[in-house]
Amino acid sequence: MKTSRFSQMQLLDNDTFAAWTFLTPALILLGVFVIWPIAYVFYLSFTAGSFTSTGIYWIGLKNYWRLLLTPDFGQVVGNTLYFTAATLIPSIVIPLGLAVLLNRSLALRGILRSAYFLPSIISLVAAGLGFRWLFQNTGPVNALLNLFGIAPIAWLGDTFWAMPVVIIMTVWKQLGFNMVVFLAGLQAIPSSRYEAAELDGANAWQQFWHITLPGLRPTVIFVAVTTAIFTLRSFEQVFVMTGGGPLNSTNLLVYYIYQEAFAQFDFGYAAAAATLLLAVTLVLVYLQLRTTREE
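Reference entry: report on the structure contained in this document. (Residues numbered from 1 in each chain as written. Predicted model: local features only at pLDDT ≥ 70, side-chain atom pairs only at ≥ 80, totals over all residues. Heavy atoms only, no water.)

Moving on: the overall build of the protein chain. On a plain count of helices and strands, the protein chain comes out with 13 helices and two strands. Computed over C-alpha atoms, the radius of gyration of the protein chain comes to 25 Å, more than 25% over the 19 Å expected from 2.2 N^0.38 for 295 residues, which places it beyond the range of a compact globule. By principal-axis analysis of the C-alpha atoms, the protein chain measures approximately 90 × 75 × 30 Å. Across the protein chain, the fraction of contacts at a sequence separation of at least 24, relative to all contacts at a separation of at least 6, is 66%. Counting every atom, the protein chain has about 17,700 Å² of accessible surface; 70% of that belongs to carbon and sulfur. Of the charged side chains in the protein chain, 14 are positive and 12 negative, and the gap between their average positions amounts to 4 Å. (Helix = DSSP H or I, 4+ residues; strand = E, 2+ residues; numbered from the N terminus. Rg over C-alpha atoms; globule rule 2.2 N^0.38 Å. Contact = heavy atoms within 4.5 Å. Areas by Shrake-Rupley, 256 points an atom, 1.4 Å probe, with all protein chains shown as cover. Lys, Arg positive; Asp, Glu negative; His and termini not counted. Charge placed at Lys NZ, Arg CZ, Asp CG, Glu CD.)

Right, dumping it as structure tokens:
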């Protein structure tokens, strides 16, 4: 009996040693390239100065206080919230409708799925350059409007229209990924539920409302959280299409952090803004994990 217990403990020790042997390289990389940079940014948020001979020095919570008192930061937060909300809703509704449609037996269904997924594999820089060409003053969009007698619009040079153009590009970029996630969720719903509903006389809308949506609740939450995180960290489309203008109307939080850090060299202030963005992202991830665990 003692020999058997000793053998089990020895086997457990060997398994533990083997597990740590395989995990250690990954943990080292995670610590060096993820945990340490996050910790250092958090430390920088309490400092001022630069990486020159003058060095950095501790100032406590002054950078966070500056964030609250800076009008530009308030405008950037408002822009980011508007951008996130306006991107999130169509990025859920449109892919969900496409997934429901393409989950049925249709001609050319595979080709249509591939076509809708294609934007998600295109780089944001390439997509941004494409949309900037489409919406430039002499671009195809204004040429199309001209056919209907509508005067050209300075899409990316107008404080009202610039943000909608960035939103349209971001929704188009996210559409394919979300559609695939919804398709996976739809295929996980047992077909017997729909068969029983048809026997009970339920029409297509009733089946969608009482079977599809409840069955997709965890998927919808996952898509909402991942899309919100994607929009919160948006940088490339702003950098390529508008540069934060006109008049700061499309300046989003990540682009603002980039400007403060690498244009103004105010690393402590930029680190404070980055820390707040990280906190919001962690809250979203926590809510998503908690909801998934409950489901």
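Moving on, we come to the packing of helix 5 (residues 124-134) against helix 7 (residues 162-187). Put simply, helix 5 and helix 7 touch, their axes get as near as 10 Å, and they point 135° apart. The orientation of helix 5 with respect to helix 7, classified from their angle, is oblique. Both helix 5 and helix 7 take part in a crossing whose hand is right-handed. Contacts between helix 5 and helix 7 pair L124, A127, G128 and F131 from the former with I168, M169, W172 and K173 from the latter. Of the residues contributing to the contact of helix 5 with helix 7, the split by class is six nonpolar, one polar and one charged. (Axes fitted to C-alpha atoms, helices over the stretch in contact; angles between N-to-C directions. Parallel < 35°, antiparallel > 145°, perpendicular 65-115°, else oblique. Left-handed = near helix turned anticlockwise from the far one by under 90°. Nonpolar A, V, L, I, M, F, W, Y, C, P; charged D, E, K, R; others polar.)

On to the nonpolar core. Judged by nonpolar contacts, the single largest core of 37 residues is most densely connected at L67, F73 and M241. If we skip the residues at most four places from it in the chain, F73 touches L67, L253, Y256, Y269, A273 and L276. Core analysis: the second largest hydrophobic core is formed by 19 residues, L98, L102, L186 and A197 among them. (Core = buried A, V, L, I, M, F, W, Y, C linked by side-chain atoms within 4.5 Å. Buried < 20%, exposed > 50% of the residue type's maximum accessible area, 1.4 Å probe, protein only.)

Turning to the layout of surface pockets, a few remarks are in order. Estimates place the volume of the largest pocket at around 460 Å³. In terms of lining, the largest pocket is formed by 19 residues, of which the most central are V41, I257, A270, A271 and A274. When contributions to the lining of the largest pocket are tallied by element, the ones reaching two or more residues are helix 1 (2-44), helix 12 (253-262) and helix 13 (267-294). Looking at the lining of the largest pocket, the element that brings in the most residues is helix 13, giving seven residues. Its residues assigned to classes, the lining of the largest pocket comprises 18 nonpolar, one polar and no charged. Taken as a whole, the second largest pocket holds about 360 Å³ of empty space. Considering the residues around the second largest pocket, the lining is formed by 13 residues, among which N103, R104, Y194, Q207 and T212 are closest to the centre. Mapped by element, the contributors of at least two residues to the lining of the second largest pocket are helix 7, helix 8 (191-199) and helix 9 (204-215). Among the elements that take part in the lining of the second largest pocket, helix 9 stands out by supplying four residues, more than any other. (1 Å grid on protein atoms, 1.4 Å probe; cavity = no way out; pocket = protein on both sides within 12 Å on 5 of 7 lines; lining within 4 Å. Points joined across faces, edges and corners; volume = space filled by probe spheres on them.)

This part covers the pattern of salt bridges. Under the defined criterion, the tally for this structure stands at one salt bridge. Between D266 and R66 there is a salt bridge; the shortest N-O distance is 3.0 Å. Note that D266 is positioned in the loop between helix 12 and helix 13 and R66 in helix 2 (residues 62-69), a separation of 200 residues in sequence. (Salt bridge = Lys/Arg side-chain N within 4 Å of Asp/Glu carboxyl O.)

End to end, helix 7 covers 38 Å across 26 residues, agreeing with the expected 38 Å (1.5 Å per residue, within 8%). Among the 26 residues that make up helix 7, 19 are buried, leaving the element largely enclosed by the rest of the structure. (Expected span 1.5 Å × (residues − 1).)

Keep in mind that most residues, glycine aside, have a negative phi and that most peptide bonds are trans. Cis geometry is adopted by the peptide bond preceding P246, which originates at G245 and carries an omega value of -5°. Looking at where P246 falls in the secondary structure, it is placed in the loop between helix 11 (236-241) and helix 12. The backbone of F265 sits at a positive phi, close to 60°, despite the residue not being glycine. Topologically, F265 is positioned in the loop between helix 12 and helix 13. A relative accessible area of 49% places F265 in the partly exposed class.

Inspection of the secondary structure assignment puts N63 in helix 2. Apart from the residues lying within four places of it in its own chain, the contact partners of N63 are L44, S45, F46, T47, G268, Y269 and A272.

So, about the packing of aromatic side chains. Aromatic rings in a pair are described by how distant their centres are and how their planes are angled relative to each other. According to the stated counting rule, one finds 24 aromatic pairs in the structure shown. With 6.3 Å between their ring centres and 80° between their planes, F262 and F267 make a pair best called edge-to-face. Residue class for F262 comes out exposed when judged on its relative accessible area of 55%. The exposure class assigned to F267 is buried, which follows from its relative accessible area of 17%. Put simply, the rings of W36, Y40, F42, Y43, F46, W58 and Y64 pair up and form one aromatic cluster. In this structure, R66 packs its charged tip against the face of Y269, placed 4.1 Å from the ring centre. (Phe/Tyr/Trp six-rings, centres within 6.5 Å; stacked < 30°, edge-to-face > 60°. Lys NZ or Arg CZ within 6 Å of the ring centre and 35° of its normal.)

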